[in-house]
Amino acid sequence: MMCPMEDRNPKFMETENVPRLLVRFAAPAAVGMIANALYNIVDRIFVGQTVGADGLGSLALAFPFMLFFISLGLLVGTGTSSLISLSLGAKDQEGADRAFACGCVLMALCSLLYVLWGFAFLDPLLRLFGASEHLLPDARAYLEIIFAGTFFGGFAFFLNFCIRASGSPNVAMGTLLLGAGANVLLDACFVIGLGWGVRGAAFATILAQGVSLAWAAGFLFFGGTRLKLHARFLIPKPRLAGRILLIGMPSCILELCFALLMFLINRLAQSYGGDLAISAMGIFLSLDSLLFLPSIAAGEACRPIIGYNFGAGKPLRVIQTIKLTIVFVTLFYCLSMIVVLFFAEGLVKFFNADNAELIRLTALAIRVGYITMPLMSVSLVMSYAFQGMGKSRQALILSLVRHVFLLFLPLAILPRFLGLLGIWLIFPVSDVGSLFLGVFFMKREFRSLRSQGAGLGGERANQSLS
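Residues numbered from 1 in each chain as written. Predicted model: local features only at pLDDT ≥ 70, side-chain atom pairs only at ≥ 80, totals over all residues. Heavy atoms only, no water.

Novice: Explain a positive patch on the surface to me, please; I cannot follow it from the model alone.
Specialist: A cluster of basic residues, Arg 393, Lys 443, Arg 444 and Arg 447, forms a positive patch on the protein surface. If one sorts the elements of the positive patch by residue count, helix H14 (residues 420–455) sits on top with 3 residues. Its location among the elements puts Lys 443 in helix H14. (Patch = residues over 30% accessible without salt bridge, like charges linked within 9 Å, V, L, I, M, F, W, Y side chains within 5 Å. Areas by Shrake-Rupley, 256 points an atom, 1.4 Å probe, with all protein chains shown as cover. Salt bridge = Lys/Arg side-chain N within 4 Å of Asp/Glu carboxyl O. Lys, Arg positive; Asp, Glu negative; His and termini not counted. Charge placed at Lys NZ, Arg CZ, Asp CG, Glu CD. Helix = DSSP H or I, 4+ residues; strand = E, 2+ residues; numbered from the N terminus.)

Structure representation (structure tokens):
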């Protein structure tokens, strides 16, 4: 397989101008994240326009299962990619290869456990998540196919992390774009052409992920990357495996908390608004993939830069990367907020243009949910920064405080008094609290990094800052 070639030597991450370097990583990461989000969005557009609100509700019920698997991918992928970046920054090629091999083994084990869990408890979990007998069959049919293709999705997700960490962001973007394009074509064929409904959407997803996996594997094993998979490293050392899991734990917990949040929201939405409210939540989450998740790409992009420079002993470049990423994320969130405030109904109609009550309900949800979104940028970026520096404890504390106290606590209180509106209001409440939390962690970490910079000789140690 022929794959694009990129610089085999990632030393440019400690010498190139920081703004240019961040754009070099963030732009393809953002495009790739949008492409990855299209899996979910395209499925729901095709299903919503052909099957209707019931199909959207079935996919919304399946979403927590998808989030749970993503959390496992983040657990392994985040930890592995952070150690790869830190090792390459410290000029430790063997350490990078050991981390890569260990991550491959851990990803295989996680995929196997997920499949066994899913098939063993599918129906009881769907009912627990709020599935009515009306929506249950389609939700089950969709997930059975997704579980069967777990290997494709898991390893495509994991290898993308490793490609980006090794200094090849454009190739990482290409793997996601290829998969997203294949998903659109396959959705059109299976959902519309063959009339397979939600089953067609599931088949399109796993086959498209298989295409993405083939491209990523071709680049890593036959293309232009410094990472090599050595057989002697495939029996991982417990200490290395533990470190990978510890570094990836904050991202995993973040995603697990989001999965639990979706589970609780679906149950509450069913109680206060029935199947229509669950369908509205499904559209909300699809739009969230475009209006919120590309900022996650900025965090993913800054993490290898931060990890490499932290490992190379350049703390002032770490500070500059964090600041620039916060500015980018804030600007993106401001743009997303403006789009939602003025064009909410039009966005919802992409998924279903016939159900006026569904359009009204969803437009209200996303307007309320996005009104304060720019406030959470500092907290979001600092979580990725801590992971990039290998500071798993700080990242874990930040994630836990933000989710346990700023999301779950409002969810336990507000719907009791405000019904469905109370569900949507948990997001602005969380954003306001996240601002204060993120600023506190940022100021404390910057003081530590500046003291390290002074100890290394100030400008001499960071001569490549500009």
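Don't stop here, the text continues.
Novice: Which parts of the structure should I look at to understand the nonpolar core?
Specialist: Most often, soluble globular proteins keep nonpolar side chains buried together rather than apart. In terms of nonpolar packing, the biggest core is built from 138 residues, with Phe 65, Tyr 142, Phe 158, Leu 261, Ile 265 and Ile 322 touching the most fellow members. Looking at this core element by element, the count peaks at 20 residues for helix H8 (residues 238–291). Ignoring any residue separated from it by four or fewer positions in sequence, one finds Phe 65 in contact with Tyr 114, Trp 117, Leu 122, Leu 125, Leu 126, Phe 129, Leu 143 and Phe 147. (Core = buried A, V, L, I, M, F, W, Y, C linked by side-chain atoms within 4.5 Å. Buried < 20%, exposed > 50% of the residue type's maximum accessible area, 1.4 Å probe, protein only. Contact = heavy atoms within 4.5 Å.)

Novice: Is there a simple way to explain the packing of aromatic side chains in this structure?
Specialist: Between two aromatic rings, the relevant description is the distance of the centres plus the angle of the planes. Considering all chains together, one arrives at 18 aromatic pairs under this definition. Seen from their ring centres, Phe 69 and Tyr 114 are 4.6 Å apart, and the 35° between their planes marks the pair as tilted. With a gap of 45 residues between them, Phe 69 in helix H2 (residues 53–89) and Tyr 114 in helix H3 (residues 93–128) connect regions that are remote in the sequence. With relative accessibility at 13%, the residue Phe 69 sits in the buried group. Tyr 114 sits in the buried class, given a relative accessible area of 2%. For the pair Phe 386 and Phe 441, a centre-to-centre distance of 6.0 Å together with 75° between the ring planes defines the contact as edge-to-face. (Phe/Tyr/Trp six-rings, centres within 6.5 Å; stacked < 30°, edge-to-face > 60°.)

Novice: Could you clarify how one ought to interpret the environment of Gly 438 in this entry?
Specialist: Position of Gly 438 among the secondary structure elements: in helix H14. Expressed as a C-alpha distance, the spacing of Gly 438 and Leu 375, which sit 63 residues apart in the sequence, is 9.5 Å. For Gly 438, the contacting residues outside a window of four places in its chain are Val 378, Ser 379 and Met 382.

Novice: I would appreciate a short explanation of the side chain of Arg 317 in the present structure.
Specialist: Here Arg 317 is to be found in helix H10 (residues 315–349). A distance of 2.8 Å separates polar atoms of two side chains, one belonging to Arg 317 and the other to Asn 309. (Polar contact = N/O pair within 3.5 Å; in protein donor to acceptor, adjacent residues only side chain to side chain.)

Novice: In this structure, what is going on with a nonpolar patch on the surface? I would like to understand it.
Specialist: On the surface, Leu 364, Leu 400, Val 404, Phe 405, Leu 409, Ile 413, Phe 417, Leu 418 and Leu 421 cluster together into a nonpolar patch covering about 820 Å² of accessible area. By residue number, the principal contributor to the nonpolar patch is helix H13 (residues 392–418), which donates 7 residues. Secondary-structure assignment places Leu 409 in helix H13.

Novice: So what exactly am I meant to see when it comes to the packing of H2 against helix H5 (residues 150–165) here?
Specialist: Two quantities define a packed helix pair, namely the angle between the helix axes and the distance between the axes. Running from N to C, H2 and H5 point in directions that differ by 25°, and their axes come no closer than 8 Å. Between H2 and H5, the interaxial angle falls into the category roughly parallel. As for the relative orientation of H2 and H5, their crossing is right-handed in sense. Here Phe 69, Ile 70, Gly 73, Leu 74, Val 76, Gly 77, Thr 78, Thr 80, Ser 81, Ile 84, Ser 85 and Leu 88 of H2 lie close against H5, whose contacting residues are Thr 150, Gly 153, Gly 154, Phe 157, Phe 158, Phe 161, Cys 162 and Ala 165. Classifying every residue of the contact of H2 with H5 gives 11 nonpolar, 9 polar and no charged. (Axes fitted to C-alpha atoms, helices over the stretch in contact; angles between N-to-C directions. Parallel < 35°, antiparallel > 145°, perpendicular 65-115°, else oblique. Left-handed = near helix turned anticlockwise from the far one by under 90°. Nonpolar A, V, L, I, M, F, W, Y, C, P; charged D, E, K, R; others polar.)

Novice: Quick question: what am I supposed to make of the side chain of Ser 336 here?
Specialist: Relative to the assigned elements, Ser 336 resides in helix H10. Classification of Ser 336 as buried rests on a relative accessible area of 4%. Contact partners of Ser 336, with chain neighbours within four places excluded, come to Leu 291 and Met 373.

Novice: How should I be thinking about helix H4 (residues 136–148) in this particular structure?
Specialist: Because an α-helix completes one turn every 3.6 residues, residues spaced three or four positions apart along the sequence face the same direction. In this model H4 runs 18 Å from its N-terminal to its C-terminal C-alpha over 13 residues, within 8% of the 18 Å that 1.5 Å per residue would give. Where H4 is concerned, the buried positions are Leu 136, Ala 139, Ala 141, Tyr 142, Leu 143, Ile 145, Ile 146 and Phe 147. (Expected span 1.5 Å × (residues − 1).)

Novice: Whenever I open this one, the environment of Phe 258 confuses me. Can you help?
Specialist: On the secondary structure map, Phe 258 appears in helix H8. In the structure, Phe 258 is positioned 145 residues away from His 403 in sequence and 8.2 Å away in space, judged by C-alpha atoms. Beyond its immediate sequence surroundings of up to four residues, Phe 258 is in contact with Phe 63, Leu 67 and Leu 285.

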